[in-house]
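Architecture at a glance
Here's the letter readout for the chains.
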Amino acid sequence: MMRRDVAILLWASFLAACVATMFFFAMFDPLLLAHDDAPPRWLSDRMTGYTCGFFFFWFIGATASFLTAFLIDARADGRDEV
Amino acid sequence: MAAGPQDVRLYEAQQKIYPREVSGRFNTLRVIAVCVLLGLFYALPWLQWDGHQAILFDLPHRKFHILGLTFFPQDFYLLTWLLVIAALSLFFFTALAGRLWCGYACPQTVWTEIFVWMERLFEGNRLQRMKLDDAPWSARKILRKGGKQAAWLTFAFVTGITFVGYFTPVRELIPATFSASLGGWETFWVLFYGFATYGNAGYMREQVCKYMCPYARFQGAMFDRNTLLISYDTVRGEPRGSRRRGSDARDQGLGDCIDCTLCVQVCPTGIDIRKGLQLECIACAACIDACDDVMDRMQAPRGLIRYATHTSMAGGKTKVARPRTLIYGSVLLLLIIGFGIAVGQRRLIEVDVLRDRNALYRQSADGHIENVYTLRFVNKDENAHSLKLDVRGLEGAEVDTDAPALAVGAGQILSVPVRVRVPAGQVSGGHDIEVVASATDQSGIEVSASARFMAPVKK
Ligand code: SF4
Ligand code: SF4
């Protein structure tokens, strides 16, 4: 993968994460995403919740993108050898 | 396929583009757009409304204030709706007149423009900038480059603060910044947004449009033969070539293009519009201004490069009303009207009912079956309201609460535990009930929510 590919991939997943974060937290209040009626201790305020959510979505999106790029790359290599 | 010149070009090192300064009708239009849009961006957070910041997206409290209206997460569908309207407007205007958005309104264009102005102020015009970059480091170069950096950084920082000012009251933010008591999140986002502005407008510039912008990639799908685009009149311009001023081009077998390459030099994305419309063209019309100026000096009519449609270039008549624009336009209109109605009809008070999780029902000493619920009110109004409760759908049921007076303040969310009581002999099993709250201080405000009332099953 070239450096530019990595940049594009991170950028695309960043955009997707922004949208996902917006929709997700419009529906769920981070303070209510808790077990036993109490938020986990590290989730002491909403801004932390939003931020963790955002990075989580970004990570998932980037993983999917990397995997896609990798599989497509691998397929192209395989074909070249034939 | 063999690697043609096209493929090679993609992997060539990025050439720095030094756009030449330009003046003319469209540039004036852009200067106005930049001033208005950035003026709004920097001024809006300072606008007050009824004692609070007029536009404030208060994420920690999950409330959006827009002028006199307060929006809660329950209103999220309105935001989605608004986004759909925005997307459709983009389609509509793209079909009509190409990348108008890119050339005049996109934040990338607008901020880049400001950063280029600052660059020009410190480093001079195109030639001076190129020379300065080539020159060895000297006191003069350090001074000019340093001045530019200082201006850029200051501007980026102010931009970062303003951006965060939409989410945290700006009047508290500024003093906090200067007394270094800014919270962690605020600091992070001021720096993040400031840095993004600095990087995108100072360095990335046209590369954002070329490589990062999704719109730039798919806008072509909305063009047709009747879309107004920046076009070079090949028939009139070719064959290009230099000539003496005042000499008759046609006698020399030449078209109107004098091949001065000014249109290429002013182009912020570094393309030659004479090769036809390209993906990189952000429709800024700088090349039109440049060429019009040349045509004036050559005493030839303007418009060798101009806004034109395929059809009109081919000598036909442009159709503005065509299926594509009519469909985009009418759907857009419907959505906007619907949005207006939805905002106008928005319930001012909302209520949710949650059953007490601990017990299905309770038998009280005075022979009633009691169910306990929590009512959660959201008052989206600008005014406080006193409420009175009622219950419907079950004979003999009454509702009461320990709260002395039920009042919910403006923009407040209020949770109240309530009891619904029914004489023991009158019920058996589950019943659907409706809890109704109505304002005592204003007629017409009534909200209700349904719940399930549970009683022991009589054998
Ligand atoms: S500015 Fe006009 S005259 Fe000059 S090269 Fe471009 S198209 Fe030709
Ligand atoms: S070709 Fe003309 S309109 Fe397109 S980006 Fe370049 S200067 Fe702007």
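Everything below is about the structure printed above this text.
The present account deals with the structure reproduced in this document. (Residues numbered from 1 in each chain as written. Chains lettered and ligands numbered in written order. Predicted model: local features only at pLDDT ≥ 70, side-chain atom pairs only at ≥ 80, totals over all residues. Heavy atoms only, no water.)

A closer look at the pairing of strand β14 (residues 413-423) of chain B
All names here are of chain B.
- In this sheet, β14 lies alongside strand β10 (residues 368-379) in antiparallel orientation, the contact comprising 11 bridges. Its bridge partner lying in β14, T374 is registered against P417.
- As defined by bridge partners, strand β12 (residues 398-401) adjoins β14 across 4 bridges and the pair is classed as antiparallel. Opposite E398, over in β14, you have R421 as the bridge partner. (Pairing = 2+ DSSP bridges. Helix = DSSP H or I, 4+ residues; strand = E, 2+ residues; numbered from the N terminus.)

Regarding the interface of chain A and chain B
- Between chain A and chain B, the residue contacts involve 19 residues of the former and 18 residues of the latter.
- Connecting chain A to chain B are 1 salt bridge.
- Here R62 of chain B ties to D29 of chain A by a salt bridge, and the two come within 3.9 Å at their closest N and O atoms.
- The tally of links from chain A across to chain B stands at 6 residue pairs in polar contact (both at pLDDT 80 or more).
- Of all elements in the fold, only α1 (3-27) and α2 (46-81) of chain A reach the threshold of two or more residues within the side of chain A that touches chain B.
- For the side of chain A that touches chain B, a count of residues per class yields 12 nonpolar, 2 polar and 5 charged. (Contact = heavy atoms within 4.5 Å. Salt bridge = Lys/Arg side-chain N within 4 Å of Asp/Glu carboxyl O. Polar contact = N/O pair within 3.5 Å; in protein donor to acceptor, adjacent residues only side chain to side chain. Nonpolar A, V, L, I, M, F, W, Y, C, P; charged D, E, K, R; others polar.)

Notes on the sheet that holds strand β3 (residues 55-58) of chain B
All names here are of chain B.
- An order of β3-β4-β5 is seen for the 3 strands of this open sheet, with the pairing classed as antiparallel. Two strands close off the open sheet at either side, each with one partner strand: β3 and β5 (69-71). This sheet shows a mean twist of 15° between the axes of neighbouring strands, independent of strand direction. (Axes fitted to C-alpha atoms, helices over the stretch in contact; angles between N-to-C directions.)

Notes on the pattern of salt bridges
Residues and elements named next belong to chain B.
- Applying the stated criterion to the full structure yields 36 salt bridges over all chains.
- D352 is paired through a salt bridge with R376; the nearest N and O atoms lie 3.6 Å apart. Of this pair, D352 sits in strand β8 (residues 349-355) while R376 is found in strand β10, placing the two residues 24 residues apart along the sequence.
- For D352, a relative accessible area of 37% translates into the label partly exposed.
- Across the pair E370 and R421 runs a salt bridge whose closest N-O atoms are separated by 3.0 Å. Separated by 51 residues along the polypeptide, E370 in strand β10 and R421 in strand β14 bring together distant segments of the chain. The pair E370 / R421 is uniform in exposure class, with both members buried.
- One connected set of salt bridges, linked through shared partners, spans K16, E21, E119, R120, E123, R129, D133, K145, K148 and R205. (Buried < 20%, exposed > 50% of the residue type's maximum accessible area, 1.4 Å probe, protein only.)

A word on the packing of helix α2 (residues 25-43) of chain B against helix α5 (residues 107-123) of chain B
All names here are of chain B.
- The geometry of α2 relative to α5 is characterised by a closest axis approach of 10 Å and an angle of 105° between their N-to-C directions. For the element pair α2 / α5, the angle class is roughly perpendicular. Of the residues in α5, those touching α2 at N27, R30, V31, V34, L37, L38, F41 and Y42 are T109, V110, W111, E113, I114 and W117.
- A class-by-class count of the residues in the contact of α2 with α5 yields 10 nonpolar, 2 polar and 2 charged. (Parallel < 35°, antiparallel > 145°, perpendicular 65-115°, else oblique.)

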